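Residue strings, one per chain:
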Amino acid sequence: MNSLIDKYNIPGPRYTSYPTVPYWDESTFSPEKWKETVIRSFHESNAEEGISIYIHLPFCEALCTFCACHKRITKQHSVEVPYLESVLKEWKLYLDLFNEKPKLKELHLGGGTPTFFSPENLKTLLEGIFSTVDIAEHPEFSFEGHPNNTTKEHLQTLYDLGFRRVSFGVQDYDPKVQKAINRIQPFENVKNVTEWAKEIGYRGISHDLVFGLPHQNWEAMEHTIRKTMELKPDRLAFYSYAHVPWVKGVGQRGFDENDLPSGEEKRRLYEDGKRLLQDLGYIEVGMDHFSLEHDDLYQSLIHKKLHRNFMGYTSSKTQLMVGLGMSAISDSWYAFAQNVKTVEEYQKMVEEGEIPVVKGHVLSEEDLIVRRHILNLMCQLETTFDVNNSFPELENALEMLKEMENDGLVEINGTEVKITEAGRAFTRNVAMVFDLRMMRNKPETRIFSMTI
């Protein structure tokens, strides 16, 4: 296994989209084309599956120095109401594109720190959206909660509005690691919010753990996992720390490069952590995700309904996902669009009646084919392709897949490629074989985190 990790641990995308953001072709994109694809996708899918909404709530009171998200650091809570008013105005601009009421299937509040906002203000935002939509049967509403500032009132308010899933960012319980990443968060805080959520009735509680953080070692990682097991969340995200200090504004220089675990140490954190999670009853579901058998994420995997988008893995699929808020990314299936990345510019454009997209990509027919293969691999661990009716580089792809087959990572049966149990850790690498845009234009500088 060690030699395989040495071989395949290379920079690569996490594939929440294809093409990945660095390979978007902005020359073919315009706000008008974006609107056309939104309208098309809405009318193709709304009546059946409904739509998803992602709301980016960017404010945080303190900077976590491992975080690569778009955020705004402030302790001034006077920013809440103006920002949420802008989100509702942006949503109205999308409503104007539709000539029928949207059916809302999925909604996620991400950040930043959604629980930076008061329960009252979140309620006003959500009621403003819910008053304009029909709620689908069995909707999936979820949010990210910071254990240090999520109150019981937050949990109760959102539960009363239909939320049943919450994810808490734990990262690590070692005080030395917490200090290095500026995320001081006692176990008691996580215990409180988790128990409140269970008491209120949430059926999907998730904890996010990160391996590869500065000063992390196996003893501390094992302690974190075993402390997490005391609370028994329904699912877990076990992420590799994405060290991307070259991205402007990510604040990833709060520690020295020498403080990061070596390749060998990080490898152990991953392998032993995964083994311990499985020994404790968690089942690997997709890349980086584990769940207990009763959880919807595992059930979606079994019934081949697992989906992946900019929100990560989801247990249901919609063709249209509208991203609201600063820097939010939307997906109409036929195109992607990202909003402007500063609060001020976002609010200005919305006030002027413009959908605040700054860049995007219109998918070609080839992109749509490749996207389907990569989604199949990321969600179902298999895909099928027609050798005689596919992209020109397929021959090269097959050669790379054959090498992976020799390494025990995939099985090739005629037109079918399946990722093996041993190959799960290398899912991103298998998906990269199909990534034509990266294959044709290999980056000269490092733009992705390491795959393992």
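Computed from a predicted structure; not experimentally measured. (Residues numbered from 1 in each chain as written. Predicted model: local features only at pLDDT ≥ 70, side-chain atom pairs only at ≥ 80, totals over all residues. Heavy atoms only, no water.)

A.B. asks: Whenever I open this one, the side chain of Thr-157 confuses me. Can you help?
C.D. replies: Take Thr-157: it is sitting in helix 5 (residues 152-160). The buried category is assigned to Thr-157, whose relative accessible area is 15%. Residues within four places of Thr-157 in sequence aside, it is in contact with Pro-119 and Lys-123. (Helix = DSSP H or I, 4+ residues; strand = E, 2+ residues; numbered from the N terminus. Buried < 20%, exposed > 50% of the residue type's maximum accessible area, 1.4 Å probe, protein only. Contact = heavy atoms within 4.5 Å.)

A.B. asks: What's the story with the packing of helix 3 (residues 80-95) against helix 4 (residues 119-130) in this structure? I'm lost.
C.D. replies: Following both chains from N to C, one finds helix 3 and helix 4 inclined at 10°, their axes separated by 10 Å at the closest point. Relative to helix 4, helix 3 is oriented roughly parallel. Note on element contacts: helix 4 touches helix 3 through Asn-121, Leu-122, Thr-124, Leu-125, Gly-128 and Ile-129, opposite Glu-80, Val-81, Leu-84, Val-87, Leu-88 and Trp-91. The class makeup of the residues in the contact of helix 3 with helix 4 is 8 nonpolar, 3 polar and 1 charged. (Axes fitted to C-alpha atoms, helices over the stretch in contact; angles between N-to-C directions. Parallel < 35°, antiparallel > 145°, perpendicular 65-115°, else oblique. Nonpolar A, V, L, I, M, F, W, Y, C, P; charged D, E, K, R; others polar.)

A.B. asks: Looking at this structure, how should I read helix 5?
C.D. replies: Structural remark: α-helix, 3.6 residues per turn; residues separated by three or four positions point the same way. Looking only at helix 5, the buried set comprises His-154, Leu-155, Thr-157, Leu-158 and Tyr-159. Along its buried surface, helix 5 packs onto strand 4 (103-111), helix 4, strand 5 (134-145), strand 6 (165-171) and helix 7 (187-200). One or two steps after helix 5, the chain reaches Gly-162, where phi turns positive at roughly 110°.

A.B. asks: Looking at this model, I keep getting lost on the confidence of the model for the protein. Mind explaining?
C.D. replies: Residues shown with low pLDDT carry predicted positions that ought not to be read at fine detail. Mean pLDDT for the protein: 88, with 91% of residues reaching 70 or above. Counting interchain partners and residues more than four positions distant, the pLDDT-below-50 stretch residues 248-252 has 19 contacts. (pLDDT = per-residue confidence, 0-100.)

A.B. asks: I tried to follow the environment of Glu-188 on my own but got confused; where do I start?
C.D. replies: Looking at the secondary structure, you find Glu-188 in helix 7. When its relative accessible area of 45% is taken as the criterion, Glu-188 is described as partly exposed. Between the C-alpha atom of Glu-188 and that of Asp-96, which follows or precedes it by 92 residues, the distance is 46 Å.

A.B. asks: Would you mind going over empty space enclosed by the protein with me for this structure?
C.D. replies: One water molecule sets the probe size; rolling that probe over the atoms shows where empty space is left. Scanning the entire structure with this criterion turns up 3 cavities of 30 Å³ or more. Looking at the second largest cavity, its volume works out to about 60 Å³. Here the element with the most residues in the lining of the second largest cavity is helix 12 (residues 365-380); it accounts for 4 residues. Across the lining of the second largest cavity, the residue classes tally to 5 nonpolar, 2 polar and 2 charged. (1 Å grid on protein atoms, 1.4 Å probe; cavity = no way out; pocket = protein on both sides within 12 Å on 5 of 7 lines; lining within 4 Å. Points joined across faces, edges and corners; volume = space filled by probe spheres on them.)

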